[in-house]
Amino acid sequence: MRFLTRPALFLSLATLALTACDPAEFDADPDVRRDARANRKCVAVIKEQTGDATAQLNTTLPIVEINQFIVDAPALQERWMCRTDDEGNPTQMYKLGVG
């Protein structure tokens, strides 16, 4: 019985790892991959900056400019703007509604 549980454990861990990936990061279009990478990196930087582990990409507010993303930090009730370079690396972050 113990022998049968190991493959099941491996398969469940592999499935968990695949569900954590964004399918857009494996798209054939390099622009789609860059945007997915930029989204992931912007959210990570905002989480680190604010300490809000619930930060997530805002998908309701439209952005016209390229290389610019809005990230919500719900625990702090803040909204952040993240600008990236052409490779998807965050270059500038600032809190919206301040100033």
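Look a little higher up for the structure.
Cut-offs and rules
- Along every chain, residues carry numbers that run from 1 in the direction the sequence is written.
- pLDDT decides what is reported in this predicted model: residues at 70 or higher carry local features, side-chain atom pairs at 80 or more are listed and counted, and totals for whole chains, interfaces and linings draw on all residues regardless.
- Calculated side-chain values reflect all of the structure's heavy atoms, with hydrogen atoms and water omitted.
- In this description, a disulfide is simply a cysteine sulfur pair whose atoms lie within 2.5 Å.
- A run of H or I in DSSP becomes a helix once it reaches four residues, and a run of E becomes a strand once it reaches two; helices and strands are each numbered from the N terminus.
- Per-residue accessibility, obtained with a 1.4 Å probe over protein chains only, is compared with the maximum for each type, and a residue is labelled buried under 20%, exposed over 50%, and partly exposed between these values.

**A word on the state of the cysteines**
Put plainly, a disulfide is one covalent bond tying together the sulfur atoms of two cysteines.
For step 1, the next point in the chain: Inspection of the entire model under this criterion finds 1 disulfide.
For step 2, the next point in the chain: Here Cys42 pairs with Cys82 through a disulfide, and the sulfurs are 2.0 Å apart. With the S-S dihedral at roughly -70°, the linkage between Cys42 and Cys82 falls on the left-handed side. Taken together, the residues Cys42 in helix 2 (residues 30–50) and Cys82 in strand 3 (residues 78–84) connect sequence positions 40 residues apart.
For step 3, the next point in the chain: Relative accessible area serves as the criterion here: at 0%, Cys42 is assigned to the buried category.
For step 4, the next point in the chain: The exposure class of Cys82 is buried, given its relative accessible area of 0%.

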